[in-house]
Amino acid sequence: MGDLTLAIITDIHHGPDRGTKMGSAALPLLERFAGFVSDLRPACTIEMGDRISEVDADTDRLLVKQVAQGLAKIPGSIHHILGNHDVSKLSIADNENLMQHSFASHSLDLEGYHLIFWNADDKLDMVKGFSLGDGDLEWLRKDLAQTDLPSIVFTHVPLDNGSMKGNFYFEKAYPLHGAYPEAQGEAIRDVIERSGKVILCMNGHAHWNAYQSIDGTHYVTIPSLTEMFTTFPNINEAYASLRIGESIEIEVFGNTPLLYRLPKKLPNRHWLNIHKDYAPASIKPA
Ligand SMILES: [Fe+2]
Ligand SMILES: [Fe+2]
């Protein structure tokens, strides 16, 4: 198993400046990111969705074309995830045509790691919020069942149902729009934990830095390229590198810089948890 290096970018939000999302800065910042990737020389780049801020279907087609041209300047291969703003006015098929990229969930093995690009349904119902699609969970379960490698799951939406305290969008304005509902999140994490293989889950969507470890699996939110709610009146200008060797190192660049050095969860090892039948539960909680 060698070292794996990846470049990460998310929530580009190309389009009009809207609230704290500075879409007009997206293309120049994307060019800066292309320079970062050419210096980093990663195995591949992962872009985790919300490439545009939607306007209407015709405008959005143009915005996707423009952002695709910017993304084409990034050297090496790139994997894209679908974000809720990408499918607000456009269909998945529109996105596939314009991006020339499949948005079916898929996975790939690289340098001894299993990378999962899980495009679980993230069409946002403004009243009810997110909900997994039929077959999403089963796809993840099956994909994890057929690998023996340590695995990393990339999604747009966070999977840890972590705290949104202080989040500009998801604390109070849109509390149902930050993650899948609690019960669905629990079902997702049950699949992740029972596999015994997932060392890391990475996502965008919440536009800030967030971290949580559950059962030894790390859940890391990477901030948006063009957001300014945590850096007002400046734009965050965030993107990240991920290096996995002896440990997992994630460096977030931009105006909320952060360096994580995280232990790699061992296969089939679990935290003690009396609520989970897979974990040794010989010790009772105090
Ligand atoms: Fe976003
Ligand atoms: Fe999003």
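Everything that follows concerns the structure shown earlier in this document.
Residues numbered from 1 in each chain as written. Chains lettered and ligands numbered in written order. Predicted model: local features only at pLDDT ≥ 70, side-chain atom pairs only at ≥ 80, totals over all residues.

Novice: Is there a simple way to think about helix α2 (residues 57-71) in this case?
Specialist: Structurally, the α-helix is built with 3.6 residues per turn, so residues lying three or four positions apart point the same way. An ideal rise of 1.5 Å per residue puts 21 Å on 15 residues; α2 measures up with 21 Å between its terminal C-alpha atoms. Within the sequence span of α2, burial applies to Asp60, Leu63, Val64, Val67 and Leu71. Buried residues of α2, viewed axially, fall in a sector of 100°; they line one side. Those residues of α2 that are exposed and angled more than 90 degrees off the buried face are Asp58, Lys65 and Gln69. The elements touched by buried residues of α2 are α1 (26-40), β4 (44-47), β5 (78-80) and α3 (92-99). (Helix = DSSP H or I, 4+ residues; strand = E, 2+ residues; numbered from the N terminus. Expected span 1.5 Å × (residues − 1). Buried ≥ 20, exposed ≤ 12 C-beta atoms within 10 Å, placed from the backbone. Arc of directions from axis to C-beta. Contact = placed C-beta atoms within 7 Å.)

Novice: So what exactly am I meant to see when it comes to the nonpolar core here?
Specialist: Inside soluble globular proteins, nonpolar side chains tend to come together where they are buried. Formed by 60 residues in total, the largest nonpolar core has its most connected members in Ile8, Ile152, Val153, Phe154, Cys201, Met202 and Ile222. Among the nonpolar cores identified, the runner-up in size contains 5 residues, and Tyr169, Phe170, Ala206 and Trp208 belong to it. (Core = buried A, V, L, I, M, F, W, Y, C linked by C-beta atoms within 7 Å.)

Novice: Would you explain the sheet that holds strand β14 (residues 258-262) in this entry?
Specialist: To summarise the sheet geometry, strands pair through backbone hydrogen bonds and adopt either a parallel or an antiparallel arrangement. In spatial order, the strands read β5-β4-β1-β12-β13-β14; together these 6 strands make up an open sheet with mixed pairing. Sheet topology places β5 and β14 at the edges, where each strand pairs with a single neighbour. With strand direction ignored, the average angle separating the axes of adjacent strands in the sheet is 20°. Of the pairings in the sheet, the one linking strand β12 (residues 239-244) to strand β13 (residues 248-253) comprises 6 bridges and is antiparallel in character. Opposite Tyr239, over in β13, you have Phe253 as the bridge partner. (Pairing = 2+ DSSP bridges. Axes fitted to C-alpha atoms, helices over the stretch in contact; angles between N-to-C directions.)

Novice: What is the right way to read the sheet that holds strand β6 (residues 106-110) from this model?
Specialist: With mixed pairing, the 6 strands of this open sheet are ordered in space as β6-β7-β8-β9-β11-β10. Across the chains shown, the open sheet's two edge strands, defined by having one partner strand only, are β6 and β10 (210-214). Pairwise comparison of adjacent strand axes, ignoring direction, gives a mean angle of 15° for this sheet. Alignment of β10 against strand β11 (residues 217-221), held across 5 bridges, turns out to be antiparallel. Note that in β11 the partner of Tyr211 across the bridge is Val220. Contacting β8 (151-154), β9 (198-203), β10 and β11, helix α5 (residues 182-195) runs over the sheet at an angle of about 145° to β9.

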